[in-house]
Amino acid sequence: KTAAFVLPILDKLTQGEKTNKVNTIIIAPTRELAKQIDRQVEGFAYFTNTSSYPIYGGGTGIEYENQKQALKKGTDIIICTPGRLLAHLDFNYFDTSSVKHFILDEADRMLDMGFIPDIIKINKLLPKIRQTLFFSATLSNEIRNIGKDLLINPKEISINAHSSASENIDS
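The present account deals with the structure reproduced in this document. (Residues numbered from 1 in each chain as written. Predicted model: local features only at pLDDT ≥ 70, side-chain atom pairs only at ≥ 80, totals over all residues. Heavy atoms only, no water.)

Things to note about the overall build of the protein chain
Of the regular secondary structure elements, the protein chain holds 7 helices and 5 strands. Relative to a compact globule of 171 residues, whose C-alpha radius of gyration would be 16 Å, the protein chain shows 17 Å and is just as compact. For the protein chain, the spread of C-alpha atoms along the principal axes amounts to about 55 × 40 × 30 Å. Counting all 171 residues of the protein chain, 44% fall into the buried class. Pairs at least 24 residues apart make up 76% of the contacts formed inside the protein chain by residues separated by at least 6 positions. Placing the 20 positive and 20 negative side-chain charges of the protein chain at their respective mean positions leaves the two points 7 Å apart. (Helix = DSSP H or I, 4+ residues; strand = E, 2+ residues; numbered from the N terminus. Rg over C-alpha atoms; globule rule 2.2 N^0.38 Å. Buried < 20%, exposed > 50% of the residue type's maximum accessible area, 1.4 Å probe, protein only. Contact = heavy atoms within 4.5 Å. Lys, Arg positive; Asp, Glu negative; His and termini not counted. Charge placed at Lys NZ, Arg CZ, Asp CG, Glu CD.)

Examining the nonpolar core
Ranked by size, the top nonpolar core spans 28 residues in total, and within it Ile25, Ile27, Ile78, Leu85 and Phe94 carry the most contacts. Listing elements by their share of this core, those giving two or more residues are β1 (24-27), β3 (77-80), α4 (82-89), β4 (101-104), α5 (107-112), α6 (116-124) and α7 (141-150). Sequence-distant contacts of phenylalanine 94, that is, excluding residues within four places in its chain, are made with Val22, Ile25, Leu71, Ile78, Leu85 and Leu89. Membership of the second largest hydrophobic core comes to 15 residues, among which are Ile9, Leu13, Ile26 and Val41. (Core = buried A, V, L, I, M, F, W, Y, C linked by side-chain atoms within 4.5 Å.)

Notes on the packing of aromatic side chains
On inspection of all chains with the given rule, the structure shows 3 aromatic pairs. Consider the rings of phenylalanine 5 and phenylalanine 135, whose centres lie 5.0 Å apart with planes at 45 degrees: the pair is tilted. Here phenylalanine 5 is found in helix α1 (residues 2-15), whereas its partner phenylalanine 135 is found in the loop between β5 (131-134) and α7, with 130 residues between them in sequence. Overall, phenylalanine 135 belongs to the partly exposed group, its relative accessible area being 21%. The interplanar angle of 5 degrees and the centroid separation of 6.2 Å between the aromatic rings of phenylalanine 91 and tyrosine 93 together place this pair among those described as stacked. The exposure class of tyrosine 93 is buried, given its relative accessible area of 18%. (Phe/Tyr/Trp six-rings, centres within 6.5 Å; stacked < 30°, edge-to-face > 60°.)

Digging into unusual backbone geometry
At asparagine 20, a position not held by glycine, the phi torsion is positive, near 60 degrees. Tracing the backbone shows asparagine 20 in the loop between α1 and β1. Positive phi is not limited to glycine here, since asparagine 92 has a value of about 60 degrees. When you line up the elements, asparagine 92 lands in the loop between α4 and β4.

Topic: helix α2 (residues 31-44)
The terminal C-alpha atoms of α2 lie 20 Å apart, and with 14 residues this matches the ideal 20 Å at 1.5 Å per residue to within 8%. If you check which residues of α2 are buried, you get Leu33, Ala34, Ile37, Asp38 and Val41. Taken down its axis, α2 places every buried residue within 135 degrees of arc, on the same side. Of the exposed residues in α2, those oriented more than 90 degrees away from the buried face are Glu32 and Arg39. Buried residues in α2 make contact with α1, β1, β2 (52-55) and β3. (Expected span 1.5 Å × (residues − 1). Arc of directions from axis to C-beta.)

Considerations on the sheet that holds β3
With parallel pairing, 5 strands are arranged side by side in an open sheet as β2-β3-β1-β4-β5. The outermost strands of the open sheet, each flanked by one partner alone, are β2 and β5. Across the sheet, the mean angle from the axis of one strand to that of its neighbour is 15 degrees, orientation sign disregarded. Sitting on the sheet, α1 touches β1, β3, β4 and β5, and the angle it makes with β4 is about 165 degrees. (Pairing = 2+ DSSP bridges. Axes fitted to C-alpha atoms, helices over the stretch in contact; angles between N-to-C directions.)

Re the packing of α1 against α2
In contact at an axis separation of 10 Å, α1 and α2 are set at 45 degrees when each is read in the N-to-C sense. Regarding the angle of α1 to α2, the classification is oblique. By crossing handedness, the relation of α1 to α2 is classed as right-handed. Residues Thr2, Ala3, Val6, Leu7 and Leu10 of α1 pack against Ile37, Gln40, Val41 and Phe44 of α2. Split by residue class, the contact of α1 with α2 holds 7 nonpolar, 2 polar and no charged. (Parallel < 35°, antiparallel > 145°, perpendicular 65-115°, else oblique. Left-handed = near helix turned anticlockwise from the far one by under 90°. Nonpolar A, V, L, I, M, F, W, Y, C, P; charged D, E, K, R; others polar.)

These results come straight from atomic positions and should not be treated as a statement about function.
Put into structure tokens, the structure is as follows:
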């Protein structure tokens, strides 16, 4: 799933000019998932000039300072937890004006963990013209309503995990 949203972004980043500003924000509900996504981005971007950095809580003052520098110098892709991103945004050193992609991974888990108010705050601090991608394992009415608030002219793609193999495939 990560490749589905990261590869097209990497393609755009390799085609354009370096801006020294953050291009993409990927929000994940946990530090473990943020670290996992960052490792995948690093692997996909290995032969490109694209940078990424994970931003999550629970670290030391040195780690916080490294996160701050990644935001200030304009790391291409940041992968973060909502609370830690908001903490950085509160200090006004992170210029969000060049954010072109805002990705919410595991939105259903973020709802369960109480992060939706944080997501709404972050959303208001980002440029209105951008691509927002919203991933969720389940699509409850509450998740759909949140999607309506965050997305403009959304397109929904549903994949049924219980579908059987095509009749043209021998199993």
